[in-house]
Each structure stands twice: as structure tokens, then as C-alpha cells.
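Architecture and fold: a report
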Amino acid sequence: MAVNYPGNEMIEMAPARSHDEKHAEVEVKIIRGNEAFNEAMLKEPPKAFTFTTFQLYIACFIGFFCATMNGYDGSLINNLLANQPFLDFYHGSDAGIWAGVVTSMYQIGGVVSLPFIGPASDTFGRRFGMWIGCLCIILGTIIQGVASASDGVKQFMGGRFLLGFGVTIASAAGPMYVVEVSHPAYRGVVTAIFNCFWFTGSIIASGVARGADNIGGNASWRIIIWVQLMFSSIIFLAAYFLPESPRWLYVNNKQEAAKAMLTKFHGNKNPDSEWVKLQLNEYDELLEMDGADKRWWDYRALFKSKSTCYRLFCNVCITIFGQWAGNAVLSYFMGKVLVTIGIGPGGYGPANIILINNCQQFCWALFGAALVDRVGRRPLLLFSNIGCCATWLAVTVSSALYTQSIPAGETYGTNKGAGTACLAFIFIFGAVYSVGFTPLQALYPVEVLSFEMRAKGMGFSGFAVAAAGLLNQFAWPVSLQKIGWRTYIIFTIWCGIQSTVVYFFIPETKNRTLEELDEIFTSKNPVKTSIAKKRLGLDAYGEVVNIDDF
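Residues numbered from 1 in each chain as written. Predicted model: local features only at pLDDT ≥ 70, side-chain atom pairs only at ≥ 80, totals over all residues. Heavy atoms only, no water.

1. Notes on the overall build of the chain
On a plain count of helices and strands, the chain comes out with 24 helices and four strands. For the chain, with 550 residues in total, the buried portion stands at 60%. Counting contacts in the chain only where the partners sit at least 6 residues apart, residues at least 24 apart contribute 79% of the total. Summing over all exposed atoms, the chain offers an accessible surface of approximately 21200 Å²; the carbon and sulfur share of this is 65%. (Helix = DSSP H or I, 4+ residues; strand = E, 2+ residues; numbered from the N terminus. Buried < 20%, exposed > 50% of the residue type's maximum accessible area, 1.4 Å probe, protein only. Contact = heavy atoms within 4.5 Å. Areas by Shrake-Rupley, 256 points an atom, 1.4 Å probe, with all protein chains shown as cover.)

2. Side note on the packing of aromatic side chains
Tallied over the entire structure, the rule returns 37 aromatic pairs. Relative to F199, the ring of W198 lies with its centre 5.2 Å away and its plane at 80°, an arrangement referred to as edge-to-face. F199 carries the same exposure label as W198, and that label is buried. Seen from their ring centres, W392 and Y488 are 5.3 Å apart, and the 25° between their planes marks the pair as stacked. Taken together, the residues span a long stretch of sequence, with W392 in helix 19 (residues 377-404) and Y488 in helix 22 (residues 487-505) at a distance of 96 residues. W392 gets classed as buried once you look at its relative accessible area, which sits at 2%. Put simply, the rings of F61, F64, F65, F194, F197, F231 and F362 pair up and form one aromatic cluster. Above the plane of the ring of Y503 lies R378, whose end atom (NZ or CZ) is 5.8 Å from the centre. Geometry around Y299 places K456 over its ring, the cationic atom sitting 5.8 Å from the centre. (Phe/Tyr/Trp six-rings, centres within 6.5 Å; stacked < 30°, edge-to-face > 60°. Lys NZ or Arg CZ within 6 Å of the ring centre and 35° of its normal.)

3. Looking at helix 7 (residues 152-181)
Taking 1.5 Å per residue, 30 residues should reach 44 Å; helix 7 reaches 42 Å between its end C-alpha atoms and fits that length. Buried residues dominate helix 7, accounting for 24 of its 30 residues. (Expected span 1.5 Å × (residues − 1).)

4. Description of empty space enclosed by the protein
Across all of its chains, the model carries four cavities of 30 Å³ or more by this definition. Estimated volume of the largest cavity: approximately 870 Å³. Top element by residues in the lining of the largest cavity is helix 21 (residues 451-482). It accounts for eight residues. Split into classes, the residues belonging to the lining of the largest cavity amount to 21 nonpolar, 25 polar and no charged. Put simply, the second largest cavity is a space of about 50 Å³. Lining the second largest cavity, in full, are T53, L56, Y57, C60, S182, H183, Y186, V190 and F265. Among the elements that line the lining of the second largest cavity, the one with the most residues is helix 2 (residues 51-81), at four residues. Grouping the amino acids of the lining of the second largest cavity by side-chain chemistry returns six nonpolar, three polar and no charged. (1 Å grid on protein atoms, 1.4 Å probe; cavity = no way out; pocket = protein on both sides within 12 Å on 5 of 7 lines; lining within 4 Å. Points joined across faces, edges and corners; volume = space filled by probe spheres on them. Nonpolar A, V, L, I, M, F, W, Y, C, P; charged D, E, K, R; others polar.)

5. Digging into unusual backbone geometry
Notably, N253 is not glycine yet its phi reads approximately 60°, a positive angle. Inspection of the secondary structure assignment puts N253 in the loop between helix 12 (246-251) and helix 13 (255-265). Within the chain, N268 stands out as a residue other than glycine whose phi angle is a positive 55°. As for its position among the elements, N268 is in the loop between helix 13 and helix 14 (274-286). Accessibility expressed as a relative area gives 41% for N268, which makes it partly exposed.

6. Things to note about the nonpolar core
Soluble globular proteins tend to bury their nonpolar side chains together. Core analysis: the largest hydrophobic core is formed by 70 residues, its most contacted members being C314, L381, W392, Y488, I506 and F521. Look past the residues within four positions of C314 in its chain and what remains in contact with it is Y444, V448, F505, I506, P507 and F521. In terms of nonpolar packing, the next biggest core, distinct from the first, is built from 41 residues, A59, I62, I235 and V276 among them. (Core = buried A, V, L, I, M, F, W, Y, C linked by side-chain atoms within 4.5 Å.)

7. Examining a nonpolar patch on the surface
A contiguous nonpolar patch, built from F313, Y503, F504 and F505 and spanning about 430 Å² of accessible area, is present on the exposed surface. If one sorts the elements of the nonpolar patch by residue count, helix 22 sits on top with three residues. What makes F505 partly exposed here is its relative accessible area of 38%. (Patch = residues over 30% accessible without salt bridge, like charges linked within 9 Å, V, L, I, M, F, W, Y side chains within 5 Å. Salt bridge = Lys/Arg side-chain N within 4 Å of Asp/Glu carboxyl O.)

8. Considerations on the side chain of N385
Looking at the element boundaries, N385 is found in helix 19. Here L381 takes part through its backbone oxygen, which lies 2.8 Å from a polar atom of the side chain of N385. Excluding residues within four positions of it along the chain, N385 makes contact with F437, C495, Q498, S499 and V502. (Polar contact = N/O pair within 3.5 Å; in protein donor to acceptor, adjacent residues only side chain to side chain.)

9. A look at the confidence of the model for the chain
Of all residues in the chain, 87% have pLDDT values of 70 or greater, and the mean over the chain is 85. Looking at the elements of the chain, mean pLDDT is at its lowest for strand 1 (residues 9-11), recorded as 46, and at its highest for helix 13, recorded as 96. Note that pLDDT drops below 50 for residues 9-14; the model gives that stretch 18 contacts with residues more than four away or on any other chain. (pLDDT = per-residue confidence, 0-100.)

10. Quick look at the layout of surface pockets
There is about 300 Å³ of room inside the second largest pocket. Counting residues per element, the ones that place at least two in the lining of the second largest pocket are helix 15 (306-324) and helix 21. The element that contributes the greatest number of residues to the lining of the second largest pocket is helix 21, accounting for four residues. Here the residues of the lining of the second largest pocket are counted per class, giving six nonpolar, five polar and seven charged.

11. Description of the packing of helix 19 against helix 22
Close contact between helix 19 and helix 22 brings their axes to 8 Å; oriented N to C, the two are set at 165°. For the element pair helix 19 / helix 22, the angle class is roughly antiparallel. Judged by the sense of rotation from one axis to the other, the crossing of helix 19 with helix 22 is left-handed. Listed contacts from helix 22 to R378, L381, L382, N385, I386, C388, C389, W392, L393, V395, T396 and S399 of helix 19 are Y488, I489, F491, T492, C495, G496, Q498, S499, V502 and Y503. Here the contact of helix 19 with helix 22 is built from residues that sort into 14 nonpolar, seven polar and one charged. (Axes fitted to C-alpha atoms, helices over the stretch in contact; angles between N-to-C directions. Parallel < 35°, antiparallel > 145°, perpendicular 65-115°, else oblique. Left-handed = near helix turned anticlockwise from the far one by under 90°.)

12. What about the side chain of H183?
In this fold, H183 is placed in the loop between helix 7 and helix 8 (187-196). Classification of H183 as buried rests on a relative accessible area of 8%. In contact with H183, not counting residues within four places along its chain, are P46, L56, H266 and W275.

See the structure below:
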């Protein structure tokens, strides 16, 4: 009996095309994706819940904490800028140049880390990349936590620099590790869940900030900083005990170790598993044994051909689009945004709203992660970009109406309906963004890169995040201070541009192993190739006997 799985249509019976009765075509499947991948799915449907797959899920779960650390910091600075004792201690403000400079040190640290991302993960393995990143995070947290009042701002910025340095390395190594150790059939969902854990860190930071408000004083913000040690310490201690990436093992002349890893975790301890044979054959055919990943200084692999340039283009596009959809304003400067609609600063209102928003975004992100293999990457990206464009338009209109209702010399407006509508659209934006962008920000950029490109390409991606983040940190706080709600017009237009680029240039990647993506990027039209259907003819034993374009 044929197996039906997401994204495929099935036609039960077809006329025989072979003269050999034993291998006559008796069934047809219309598929999207690579035929070898789909044949393995038919011959050996993977089992999602076995003892070895649970072990692999736990290893990936540890890798997810790289995203948790990133999310904690994103919400940490947001909560600190909404914490009045913190602003009083450093004589700062929640907007303008001071807020931009203090928060941008994190992005600058990320830019400086670029040359070290590739060597950390290529030379010593994906586990080491996570480990060394977490070491930097631990040191940066300690520096922030012990900052004094006299030279506190400088020390605090130094800690944030080291934090950005470590988080960028760990955030590049984490998805590389998860995408390379995951079973090919579950790579999409598992790696998509990776970035959803950004919200676990964000929720914890918001919850700690909300609870610390009851304490008051400087302890209310120092507690938020020290809790940051939790997840980096877990990864730091556990990294040595995790299974290594089979691809890294294979290209570093540890083929037996790679086969053993695949046999245990992907073949359910069966060395003759279709999944083990498929991946080892593709490793042997497509992985470069003496590629640029062996030379820390060699970045030519990123630009050596049209297909590698296209891969890097897709990687950087989705990376930057995820940063410039307008979410950065709501992630880092929510306190100032709420002020524009008459909420805060001070009190429990902003803290409660930030916490609730993070919780609902986490739920929507998990929902989106469950759809990446069913719906596909492209449809989710198009939904989020078009949805963000429409939502920012609504936020712009409601914010403008509220601002117009503010009497001369007053702080708050009289049009409560417009303020409430704007708040509702902020929550809707979080939902729309989280369904598509959150799960795909980690999955898509890492899977479109070949193994030889992956570590250095993710370093390049980290540079793109940091560079895009610099604009977020410097431009938007000043823009909110100077032109207020008109800032949202920029996001409305830009999200429309992003939607257009995704539709015409970003290919689909589901239903393929990482190595099988070569077929897409070496083709004349990657988008067309990625969404093309194929006709598989099967015999009575489930063997593929015919492959045709559909």
C-alpha cells in the first residue's frame, strides 16, 4: 500500500507501461521534490517516535537553546529600556541616541565575530561552535552583571559587545548542527522549531522582568541580566556529549563514525536502511573532501559559481527580510511604541503587554513550524510578508488617528478606540510574522547552503543580521522620537518589496535532502524547478520503474 505524505497527490491505478509483468507499473504518484527522497519515503516510511529518535530530539533540543539565548537578549534589552530604575541608574532614556548606542553594541559584537564563525564550526565541529559561543556569552553576562554606577555604561556596553560576539557564533552553529543531524524526513519541522525557541527566551525574560517589577530598585533589572547565564551554561556543559554532524564527520575522514551516527539515529540501528544508503551515496557523490571548509581563510566557495551566488543571495535575503519586516521595533523598542498610543512608561502595563505578546507569538511560531513541510517554505514566506505589509498599514492609520487626538500640551490622546485598535494590530503583526518568518529564519538560510559553504555562509548571514541590526538600533529609535507613527509607513512599503522578491526569486526546498538541493540551484530557473511536479510509476513491490515530468 502506498504511503501518502504532506505535499503529494496520489492517483491509485495506472495502465501498465512495462512489458515485464513482474515490474509492470501498477500505481502512480505525483510528487514535488527529489525522486530519490520520495522513493526512500515510499520504501521505508520513517518512524517519528522510537528510542533513538527521542535521543536525537533531545540533542536537537539542546541546540534549540542557542535560539533561546538569542531570544532572551532580544527581550532583555526591551525590558531593560522599559525599566525605570535601570534608566535612572545609567541616566539613560528609552529612545534616541542613548538607547541606540547601548543596544547597538550587541550588533557590533556580532559583526566582529564574522571571521571566527567559519573556523569555529568547520575546524572543530558544530558542537564546538556552540560551546565557544556560549563561553563568550557567559563572560559577557558576568561583565554586565557586575557593572558599577561610576563607569557602568561603558562596562555594560562592553558586556553587550562580548554577548553579541558569542550569540552570533552560537546562533550560526546551532541551526547548522540541528539541520545536519536531523532525519531528512523531519529536517524541516525540527529545524523550524529551532527558531521558535527564540520565544522561550523572550517569554522567560519578560516573565522575570514582570516578577522583578515587584521587587523594585536596581535588583529589578540586575536579576534579568543574571538569569541570562542559565541556557548558555546548559549548552556549555552538554555540548561534549551530543552526537556530531555526520556530514562534518564524513568530510573530515571519519566515514565510519558518520555511518555509525546515521545507522543509529536515521536508520533505527539498521545499516542497510534506505535512509542510511541514500545519504551515504549522496555524501560520496556531492560532498567536497578537500573543500574550502578545510581552509579558514578561504571564502571563495561562497562566490565560485552562479549556483553558489544564488544560494548566498537566498540566504542573505531571508536573513535580512526577517530583520527589516518591522519586528525589530517591536522587539527592542516596544516601550517607546506603546508610548505613541498612550501606554506607559512605568507601571505594569508595558511589562504585561510584552509578556502576553511573546506568549502568543510563540504559539503562532510553533503552528508555522508544523506547516513548513505541509504547506512549504515559499507559501509561508509570502503569507508573512504580505500579511506584515497589510498589518503595518493598519498600524499606521490607527496610530495617526490616535496622535491627532492628543490635545496641545498633553501626552495622551482622547481617541481610545484608535489606541486600542493599534494595540490589537501590534498583536496581529506578531502572529502574522511568527507563522512564517520565525520558523524559517533558522531553517531556510542554513538549508539553502551546501556543506562547503554552510559555516562561512552562516557567518556571512550573521554579518547580514548584525548589519541589518545596526540600522534597527540606530535608525528606528531616532525615527520614533522624531517622526513617531510615520515610521510605520516605511515598514508598509518595505514589506511589499519583500513580498515581490520572495515570489520571483526564492525557491521551494521541501521534500529533498540537503544534498539534493543542488538540483534546484544548478538549474536554469531555480524557482520553477523547485515547484515542478514529477510522475513516479511504481510496481507491485513499491519500486520506482518510471520517472516523468508532470
